[in-house]
Amino acid sequence: MRIYEANGTEKSEGMRLGQYVAQAMPLLPVHVVRDAFDRRDVKIDGRRAGRDEIVHAGCSVRLYTNFEAALPVVFEDENILLVNKPAGVTCDQDEWGGMTVLSLTAERAKGAYQPRLCHRLDNQTCGLLLLCKNDESERLLLDAFRDRKMEKIYECLARGEMRPPAETKTAFLIKDAKKAAVRIVTHETPGALPIATKYETMDFDGTLSRLRVTLLTGRTHQIRAHLAFLSHPILGDDKYGDRALNRRLKTTGLKLCATELTFFAGGALSYLDGRTFRITAPF
């Protein structure tokens, strides 16, 4: 029997338990959660609780099941762990107090090593995410990502037809930490960081363009905000996107995936230099 735990946060204060579990334990399928509640195998602070129980900040939630939640592993050796992160799973700090990439990979490691993030993906973005297993690989990979040596390529669905079909766009990005959002401006201004986003059109179906996007700079929400600024928001983006289009196309989830990662780290990881890992976008 597996036990999945979450701790109520200010964000979850007053939520019904069924809704909270769905947010805090995103890798558990609907039927698994339903069955656990039906068996009375969900507890709050040690007592059995139903779907309509109210969650409070600081409470302990436990769900018991035989289902094993796991992140799909793309590649692994003694130095690194490359996973295919599903949308909805936060890398390290979860506002729901539940499952994260780090908690899931630490459980998988069973104490053999301490997984560490080398870079991050937004909660709603899926795809290739790299973790390291030791001090040396961490140092090399953090330096490689900082110096833009590692090549990251994304695939997305964006509104409208891109003109021209391929180009590199530059602008400036301003981060608003209080709103957990960014905005794009065309000119340099205090607090703004330069950004560069390269896109190539893979296909256009008359409504949506499938794009291959290369981040030449890596800023918070860069692809989402930059494409929206260019009047081509990503499908399924409710923060920067076209909500009317999302509703009309009955879209669920952000259509943005990190599909390719090419290594250039050197040192003890030079055996991986030039190697490209690819996955297929799930949309």
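No experiment lies behind these values; they were computed from the predicted model shown.

Summarising the element assignment, Ser12 is placed in the loop between β1 (2-7) and α1 (17-24). Given the relative accessible area of 0%, Ser12 is considered buried. Separated by 93 residues in sequence, Ser12 and Thr105 have C-alpha atoms that sit 24 Å apart. Once you skip the residues sitting within four places of it in the chain, Ser12 turns out to touch Tyr20, Val55 and Trp96.

Examined against the element boundaries, Val101 turns out to sit in helix α3 (residues 101-109). Sequence separation between Val101 and Pro115 is 14 residues; the distance between their C-alpha atoms is 9.4 Å. Sequence-distant contacts of Val101, that is, excluding residues within four places in its chain, are made with Leu71, Lys85, Val89, Thr90, Cys91, Leu117, Leu129 and Leu131.

Our next topic: the side chain of Glu260. Of note, Glu260 is situated in strand β14 (residues 256-262). What makes Glu260 buried here is its relative accessible area of 13%. Engagement of the side chain of Glu260 in a polar contact is seen with the side chain of Arg212, the distance being 3.1 Å. Those residues in contact with Glu260 that sit more than four places away from it in its chain are Leu128, Glu151, Lys152, Ile153, Arg212, Thr276, Phe277 and Arg278.

Before going further, it helps to examine the nonpolar core. Core analysis: the largest hydrophobic core is formed by 50 residues, its most contacted members being Leu17, Tyr20, Met25 and Val61. Ranked by residues supplied to this core, first place goes to α1 with four residues. For Val61, the contacting residues outside a window of four places in its chain are Tyr4, Glu5, Ala6, Leu17, Tyr20, Val21, Met25, Val42, Lys43 and Ile44. Formed by 22 residues, the second largest nonpolar core is a distinct cluster that contains Leu128, Phe145, Phe263 and Leu272.

Moving on, we get to unusual backbone geometry. In the segment running from Arg163 into Pro164, the intervening peptide bond is cis, with an omega of 0°. With respect to the secondary-structure elements, Pro164 resides in the loop between β9 (151-159) and β10 (166-176). Not every positive phi belongs to a glycine, and Arg148 is a case in point at roughly 60°. Mapped onto the secondary structure, Arg148 falls in the loop between α4 (135-146) and β9. With a relative accessible area of 35%, Arg148 lands in the partly exposed category. Despite not being glycine, Ser231 has its phi angle at roughly 70°, a positive value. Along the chain, the position of Ser231 falls in the loop between α5 (222-229) and α6 (243-248).

Calculation notes
Residues numbered from 1 in each chain as written. Predicted model: local features only at pLDDT ≥ 70, side-chain atom pairs only at ≥ 80, totals over all residues. Heavy atoms only, no water. Helix = DSSP H or I, 4+ residues; strand = E, 2+ residues; numbered from the N terminus. Buried < 20%, exposed > 50% of the residue type's maximum accessible area, 1.4 Å probe, protein only. Contact = heavy atoms within 4.5 Å. Polar contact = N/O pair within 3.5 Å; in protein donor to acceptor, adjacent residues only side chain to side chain. Core = buried A, V, L, I, M, F, W, Y, C linked by side-chain atoms within 4.5 Å.

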